[in-house]
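Geometric and topological summary
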Amino acid sequence: MTKALLLGTLSSLFFALTFVLNRQMQLSGGHWIWTSSLRFVFMLPMLWILVLPGNKHLAVFRQIRKQPLYWIIWSTVGFGFFYLFLCIAAAYGPSWLIASTWQITIIAGILLTPLFRTGKHPGATRHALPVRQLVISIVIIAGVILVQYKKGAIPEVRENILALFYIVIAAFSYPLGNRKMMAVVPDSMGTMERIFGMTLCSLPFWLILMLIGVLNNQLPSLEQISQTLVVALSSGVIATILFFRATEMVKTDMRHLAIIESTQAGEVVFTLLLGILLFKDQLPSPIALVGILIITSGIVVNGLTQKS
């Protein structure tokens, strides 16, 4: 469990880079169609290279052929809807607001728990709602609110209601698609193969979006292409592998799974730090520092509760 917790936290560092670069692309005039779709187009060959040893890609193809519609639907939800709406949200608010509000996914993952069963056999019972983790996650969200308040975000949240709407869709789509796929893939299939399969099966969705972009004369610049390439490597490959590996390690325990998903609150801290280091953003105010302390403390407490 400790290893899974560390992997989940490390993944949040690489995920944080996404919020910063997505906002930069938006401010430089890049369209969200290409910000979202190019990431997964670039991810596919990277992942293919990683699953080539041992012909692991052939095992993925076999699994997809068994339930192609299931793979396409939940890959589109878990990767397509998640990232598309997150990129659209970048048009309505700064990176810190997007990263902070994205932490809704912590509670979203917990609220989705009763939708899944304890086993893959028909008579399996549904998981109970992990109330303790829900309470701790709400405390983490309280810390997120304080971080938002650092830059006077409360009035801005009202002005960016569309951003909140898109983020809520993304926040529920990501854990839903991830868990749906974990429920059907065999234990013999590793994390990397599952990510490769989901990326491949989400490709029709991205190709449709790219066609819409071309038809509307919305083409990416060289700067946007290079930035999405960085996002594809850091967030799409490295962070996703780390996070999915962490969830894979605890997938049989819904309480531990909720703990791992809560590590993504670290994205708020890392987004602020990256903003300071890369773009000379203002240092956090005392109120924001309290929020950061609450977020990190919530992650630690969540990890400790697994022992009780």
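Preceding this paragraph is the structure being described.
A brief report on the enclosed structure follows. (Residues numbered from 1 in each chain as written. Predicted model: local features only at pLDDT ≥ 70, side-chain atom pairs only at ≥ 80, totals over all residues. Heavy atoms only, no water.)

1. Section: unusual backbone geometry
Non-glycine residue Asn55 carries a positive phi angle of around 55°. Located in the positive-phi region is Asn217, a residue other than glycine, with phi close to 60°. With respect to the helices and strands, the residue Asn217 is situated in the loop between helix H10 (191-215) and helix H11 (222-249). (Helix = DSSP H or I, 4+ residues; strand = E, 2+ residues; numbered from the N terminus.)

2. A closer look at the packing of helix H3 (residues 56-66) against H10
For the pair H3 and H10, interaxial distance at closest approach is 10 Å and the crossing angle is 55°. For the element pair H3 / H10, the angle class is oblique. The handedness of the crossing between H3 and H10 comes out as right-handed. Judged by residue contacts, Lys56, His57, Val60, Phe61 and Ile64 of H3 engage Glu193, Phe196, Gly197, Leu200 and Cys201 from H10. Classifying every residue of the contact of H3 with H10 by side-chain character gives six nonpolar, two polar and two charged. (Axes fitted to C-alpha atoms, helices over the stretch in contact; angles between N-to-C directions. Parallel < 35°, antiparallel > 145°, perpendicular 65-115°, else oblique. Left-handed = near helix turned anticlockwise from the far one by under 90°. Contact = heavy atoms within 4.5 Å. Nonpolar A, V, L, I, M, F, W, Y, C, P; charged D, E, K, R; others polar.)

3. Considering helix H2 (residues 32-51)
An α-helical segment advances 3.6 residues per turn. Residues three or four places apart therefore align on the same side. Counted at 1.5 Å a residue, the expected span for H2 with its 20 residues is 28 Å, and the 29 Å between its end C-alpha atoms agrees. Of all the residues in H2, the buried ones are Ile33, Trp34, Thr35, Ser36, Ser37, Leu38, Arg39, Phe40, Met43, Leu44, Leu47 and Val51. Residues of H2 that are buried make contact with helix H1 (2-27), H3, helix H4 (68-89), H10 and H11. (Expected span 1.5 Å × (residues − 1). Buried < 20%, exposed > 50% of the residue type's maximum accessible area, 1.4 Å probe, protein only.)

4. Brief notes about H4
With 22 residues, H4 ought to run about 32 Å at 1.5 Å a step, and its terminal C-alpha atoms sit 30 Å apart, in line with that. Along H4, the largest kink reaches about 35° and is centred on Thr76. A large share of H4 lies buried, amounting to 16 of its 22 residues. (Bend = angle between axes of the 7 residues up to and from the residue.)

5. Digging into the side chain of Ser234
Among the structural elements, Ser234 can be located in helix H11. With relative accessibility at 8%, the residue Ser234 sits in the buried group. Apart from residues no more than four positions distant in its own chain, Ser234 is found in contact with Phe14, Leu17 and Ala239.

6. Describing the packing of aromatic side chains
For the coordinates displayed, the defined rule picks out 19 aromatic pairs. Each ring, one from Phe40 and one from Phe79, has its centre 5.4 Å from the other, and the planes form 40°; the classification is tilted. With a gap of 39 residues between them, Phe40 in helix H2 and Phe79 in helix H4 connect regions that are remote in the sequence. With relative accessibility at 1%, the residue Phe40 sits in the buried group. Centroid distance Phe82 to Tyr174: 4.4 Å. Interplanar angle 40°. Geometry classified as tilted. Taken as a pair, Phe82 in helix H4 and Tyr174 in helix H9 (residues 161-182) lie far apart in primary sequence, 92 residues in all. Taking the relative accessible area as the measure of exposure, Phe82 reaches 4% and is therefore buried. Classification of Tyr174 by relative accessible area gives buried; the value is 6%. (Phe/Tyr/Trp six-rings, centres within 6.5 Å; stacked < 30°, edge-to-face > 60°.)

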